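# Understanding the architecture of this molecule
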Amino acid sequence: MSEVLVVVEHADGSVKKVTSELLTLARIMGEPSAVWIGPGYSDVAAAVLGEFGAAKVYVADGAQYIDHPVAPRAEVLASLVADQSPSAVIIASSADGKETAGRLAIKINSGVITDAIGISAEGIATQSVFGGSTVVHSKVTKGTPIFAVRPNSTPPVPAAVTTTRVDVSVPISEVAMKAKVTGRTVAQKDGRPDLSEAAIVVSGGRGVGAPEGFAVIEALADSLGAAVGASRAATDAGWYPHQYQVGQTGKTVSPQLYMANGISGAIQHRAGMQTSKTIVVVNKDPEAPLFELADFGVVGDLFKVVPQLTEEIKKRA
Amino acid sequence: MAALLNCQAVKSPGREGVGVKIAVCVKQVPDTWAEKKLRSDDSTLDREAADGVMNELDEYAVEEALKVQEAHGGEVTIVTMGPERAGETVRKALSMGADGAIHLVDDAFHGSDALATSYAIATVLAGRGFDLIFFGSESTDARMSVVPAMVAERLGMAQLTFAQKVDVIGTSVTIQRVTDYGFETVEASMPTVVSVVEKINEPRYPSFKGIMAAKKKPVETLSIADAGLDVSQLGLAAAWTVVEDFAARPPKAAGTVVTDDGEGGIKLADFLATQKFI
Ligand SMILES: Cc1cc2nc3c(=O)[nH]c(=O)nc-3n(C[C@H](O)[C@H](O)[C@H](O)COP(=O)(O)OP(=O)(O)OC[C@H]3O[C@@H](n4cnc5c(N)ncnc54)[C@H](O)[C@@H]3O)c2cc1C
Ligand SMILES: Nc1ncnc2c1ncn2[C@@H]1O[C@H](COP(=O)(O)O)[C@@H](O)[C@H]1O
């Protein structure tokens, strides 16, 4: 079977859930090998990658790969593609993932498909475009296909194998070092699941009214083990930090359940949540456009409906 | 090599009197609110079906470029690849205050994918001595967020992308790159590619004076041949990807909407229970 390279998304040494989804998808096309770029590879990481079928893990270990944005990752991948001639490269469709895919595409003169939500054995990608109104099937016709796949597109299915670590050392070019990361500012972690990976997202918008208003949103999220999201109106007002913004210029999420509270449903917001499997809307305005997308909607004051729901969930737990 | 580097340093940008030579890449896209469709004949975006507007994020790129110019002097050139009518978008950018524009127009561009677009843009930018090349971080129609990184790759330039803040000091550029967990501070020397997110500023509206002045500003219109581009790398036939088929997503079955009568939260809990979320 042909080798498919899967780029590992990791933070603080732990493998992100999207990686197990990508490995699951890669198995449809061939035999997945994981590619770990950056510091922090460990037996724990190897165990996760092995659980989802990565017989080989190429490890480019070292801080130098993450001290410069994007470009070094593309160089490691280009060198692996040249050496291993894989049948495809799969990466997460995050900001970093898409840019890495873009630079790699130029280096290896190959086509790239971003925001895929599925890939077939024949390498045909499914995309959901124009805010979910159109489903497109497309494929790469030149070079080694590169697919950037959205988190939560496929349920991870284990297929345990023993992994072998293969160290790779790729010298980084001067060009790739031109941009240098000189600092990282980590916004306070909230201990909730990662917004782009969470199975349930509870969001608040302008209807939440004030920073304190988000307490009811957070309480509901916590009763469900969910991540918290926000509309731009809420992040712009400073009620909730920017990294929680859902939408065109925030995160694109595709959870099993998306609950929008006090959000009207502007097209830029929809662009980031429209492919959620189940959508719940709470808004006091029956005309709010987001009701069009709702599987279940409540016309009412979120400050009444949401706390009552949270209580009810706790009661039933 | 050392001599060459020195000589570049002498001509270095951002200095008093010389100013910063800035390009801003803008794209005309279908109006955000318009229903977007693919053409049944060749599966490309139906650009005739909707009004064209400047890609929203590109307005922020133009604004940021103008701010750098206000602080450091220099000139701002708009660059776009797109059909004749994308000239409207060029005019808008000029009326916001940019000095001139380069418009790549050719029927053979039709159907170009990101690799081709980045090839055309990089080729026309190369050798013109731009110190800063601004982009929006995403176009609302393609939504790929790859063109800025691709252009940086092709030009061998640093990429400072997804910037929520840009600081220019002499020839050094520092940005805050938005990440999943906050932001990274990233630094590079000119020349560099910069892409911006919408947090960065509030784009100005063109003034009446700006609109009048824009009419007299120079727009260089280039065909594929004029720009010295290889037509075999462009357009639908040359694309690195192909659309096999597409279909409108079956409309979602209308959901249930209830009005809160004091039991709204409980009804919602019932719904979540039937869906096995609780
Ligand atoms: C370039 C650009 C990029 C953008 N990117 C994004 C993006 O990434 N994400 C994003 O979200 N937006 C984005 N926007 C902004 C978008 O256009 C909207 O302005 C924004 O989504 C509105 O947020 P909202 O729905 O919270 O606020 P509003 O539209 O003001 O809606 C608030 C809603 O709350 C309801 N409400 C008020 N009080 C209550 C209450 N007590 N109980 C229940 N309901 C109540 C109201 O009926 C109303 O429907 C972008 C805009 C631009 C120009
Ligand atoms: N045809 C084009 N002409 C000029 N700039 C473009 C074009 N296409 C994309 N861009 C630029 O690249 C950015 C990202 O676009 P995309 O990669 O398509 O999401 C946009 O915000 C523009 O700045």
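Residues numbered from 1 in each chain as written. Chains lettered and ligands numbered in written order. Predicted model: local features only at pLDDT ≥ 70, side-chain atom pairs only at ≥ 80, totals over all residues. Heavy atoms only, no water.

## Here's the deal with the confidence of the model for chain B
Residues and elements named next belong to chain B. The following threshold applies: Scored from 0 to 100, pLDDT reflects the predictor's confidence in each residue. Every residue pair with non-hydrogen atoms within 4.5 Å of one another is taken to be in contact.
Across chain B, pLDDT averages 90, with 92% of residues at or above 70. Here residues 1-15 scores under 50 on pLDDT; set against residues more than four positions off or in separate chains, the count is 10 contacts. The ipTM for the predicted assembly is 0.89, set against a pTM of 0.89.

## Some thoughts on the packing of aromatic side chains
The condition is simple: A pair of aromatic rings is counted whenever rings of Phe, Tyr or Trp (Trp by its six-membered ring) have centres within 6.5 Å, and the orientation is called stacked for planes under 30 degrees apart, edge-to-face for over 60 and tilted otherwise. Geometrically, a charge over a ring is one whose NZ (Lys) or CZ (Arg) sits within 6 Å of the ring centre while staying within 35 degrees of the ring normal.
This model, assessed by the stated rule, comprises 4 aromatic pairs over all chains. Among the aromatic residues, those joined into a ring-pair cluster are A:F214, A:Y240 and A:Y244. A cation over an aromatic ring shows up here: A:K142 above the ring of B:W240, its NZ or CZ 4.0 Å from the ring centre. The aromatic ring of B:F130 is capped on one face by B:K21, whose charged end is 5.0 Å from the ring centroid.

## Focus on the site of ligand 2
All names here are of chain B. Going by this rule: Nearness of a residue to a molecule or strand requires only that one of the residue's heavy atoms be within 4 Å of it. Under this definition, polar contacts are N or O atom pairs within 3.5 Å; protein pairs additionally need one hydrogen-donor-capable and one acceptor-capable atom, and for neighbouring residues in sequence, both atoms have to be side-chain atoms. Strands are runs of DSSP state E lasting at least 2 residues, helices are runs of H or I lasting at least 4, and numbering of each runs from the N terminus. By the convention adopted, Pro, Cys, Tyr, Trp, Phe, Met, Ile, Leu, Val and Ala count as nonpolar, Lys, Arg, Asp and Glu as charged, and the other residues, Gly among them, as polar.
Residues in contact with ligand 2 amount to 20 residues; listed here are only the nearest, C25, D58, M81, S139 and S145. Residue D58 places a side-chain N or O atom 2.5 Å away from an oxygen atom belonging to ligand 2. Within the backbone of V147, an N or O atom sits 3.0 Å from an oxygen atom of ligand 2. Sorting the residues of the shell around ligand 2 by element identifies β4 (74-81), α4 (114-125), β6 (132-136) and α5 (147-155) as the ones contributing at least two each. The residue inventory of the shell around ligand 2, partitioned by class, reads 11 nonpolar, 6 polar and 3 charged.

## Observations concerning the nonpolar core
Counted only if it meets this: As used here, the term nonpolar core means buried Ala, Val, Leu, Ile, Met, Phe, Trp, Tyr and Cys residues forming a set that is joined through side-chain atoms within 4.5 Å. Three labels apply to residues, based on accessible area from a 1.4 Å probe with only protein chains included: buried if under 20% of the type maximum, exposed if over 50%, partly exposed otherwise in between.
Core analysis: the largest hydrophobic core is formed by 59 residues, its most contacted members being B:L104, B:L125, B:I133 and B:L229. With 9 residues, α4(B) is the largest single contributor of residues to this core. Beyond its immediate chain neighbours, meaning those up to four positions away, B:L125 contacts B:A23, B:C25, B:V79, B:F130, B:I133, B:V151 and B:L155. Membership of the second largest hydrophobic core comes to 50 residues, among which are A:A198, A:F214, A:A230 and B:L268.

## Some words on the interface of chain A and chain B
The cut-off we apply is this: What gets called buried area is simply the loss in accessible area from a 1.4 Å probe that two parts show on being joined, summed for both. Throughout this description, the term salt bridge denotes a Lys or Arg side-chain nitrogen within 4 Å of a carboxyl oxygen of Asp or Glu. Pairing between two strands requires that DSSP report at least two bridges joining them.
With 89 residues of chain A in contact, the opposing surface of chain B contributes 79 residues. Carbon and sulfur atoms make up 56% of the area that chain A and chain B hide from each other, which totals about 7,200 Å². In this structure, the connection of chain A to chain B is made through 11 salt bridges. At the junction of chain A with chain B, the criterion picks out 43 residue pairs in polar contact (both at pLDDT 80 or more). Looking at the side of chain A that touches chain B, the element that brings in the most residues is helix α4 (residues 95-107) of chain A, giving 9 residues. Per-class residue counts for the side of chain A that touches chain B are 37 nonpolar, 29 polar and 23 charged. Two elements, strand β9 (residues 134-140) of chain A and strand β12 (residues 241-248) of chain B, share 7 bridges in a ladder whose sense is antiparallel. In the sheet register, A:V135 faces β12(B), and the bridge partner there is B:A247.

## What to know about the site of ligand 1
Using the following cut-off: Throughout, the Shrake-Rupley method with a 1.4 Å probe supplies accessible areas, and for residues the shown protein chains are the sole cover considered.
The full set close to ligand 1 counts 27 residues, and A:R206, A:S231, A:T249, A:S264 and A:Q268 are the nearest of them. Those residues lying near ligand 1 are distributed over chains A and B. In this structure, a nitrogen atom belonging to ligand 1 sits 2.7 Å away from a main-chain N or O atom of A:V246. A distance of 3.0 Å separates an oxygen atom of ligand 1 from a polar backbone atom of A:G262. Within the complex, 83% of the 980 Å² of free accessible area of ligand 1 lies under protein. Contributions of two or more residues to the shell around ligand 1 are made by α6 (232-236), α7 (267-270) and α8 (302-316) of chain A together with α2 (56-72) of chain B. When the residues that make up the shell around ligand 1 are grouped by side-chain class, the tally is 7 nonpolar, 14 polar and 6 charged.

## Some words on the sheet that holds strand β9 (residues 182-189) of chain B
Rules: In this analysis an axis means a line fitted to C-alpha atoms, helices contributing only their contacting stretch, and an angle means the value between N-to-C directions, from 0 to 180 degrees.
Strand order in the open sheet formed by 10 strands is β12(A)-β9(B)-β8(B)-β7(B)-β10(B)-β6(B)-β1(B)-β4(B)-β5(B)-β11(B), and the pairing between neighbours is mixed. Looking at which strands have only one partner, the edges of the open sheet turn out to be β12 (180-186) of chain A together with β11 (219-222) of chain B. Neighbour to neighbour, the strand axes of the sheet diverge by 30° on average, direction disregarded. Relative to strand β10 (residues 192-196) of chain B, β6(B) runs parallel, the two being bridged by 5 bridges. Of the residues in β10(B), the one forming a bridge with B:F135 is B:S195.

## Topic: unusual backbone geometry
Omega for the bond connecting B:M190 with B:P191 falls within 30 degrees of zero, at 0°, which places this linkage in the cis form. Its location among the elements puts B:P191 in the loop between β9 and β10. Unlike most non-glycine residues, A:V70 shows phi in positive territory, near 60°. By the secondary structure assignment, A:V70 is in the loop between β5 (56-60) and α3 (71-84).

## Things to note about the pattern of salt bridges
Scanning the model with the defined rule gives 38 salt bridges over all chains in all. Between A:R165 and A:D61 there is a salt bridge whose closest N-O contact spans 3.9 Å. In this pair, A:R165 sits in strand β11 (residues 164-167) while A:D61 sits in the loop between β5 and α3, placing the two residues 104 residues apart along the sequence. A relative accessible area of 41% places A:R165 in the partly exposed class. Residue class for A:D61 comes out partly exposed when judged on its relative accessible area of 35%. The closest approach of N and O atoms between B:E138 and B:R143, which form a salt bridge, is 2.9 Å. On the accessibility criterion, B:E138 (10% relative accessible area) is buried. Judged by its relative accessible area of 16%, B:R143 is buried.

## Things to note about the sheet that holds strand β16 (residues 278-283) of chain A
Ordered in space as β14(A)-β13(A)-β15(A)-β16(A)-β17(A)-β13(B), the 6 strands form an open sheet in which the pairing is parallel. The sheet is open, and its two borders are formed by β14 (227-230) of chain A together with β13 (256-259) of chain B, each paired with just one other strand. This sheet shows a mean twist of 15° between the axes of neighbouring strands, independent of strand direction. When β16(A) meets strand β17 (residues 296-299) of chain A, the two strands line up parallel, connected through 4 bridges. Bridging from a neighbouring strand, A:V282 pairs with A:V298 of β17(A). Sheet contacts for α8(A): β15 (257-261), β16 and β17 of chain A; angle to β15(A), the most-contacted strand, approximately 145°.

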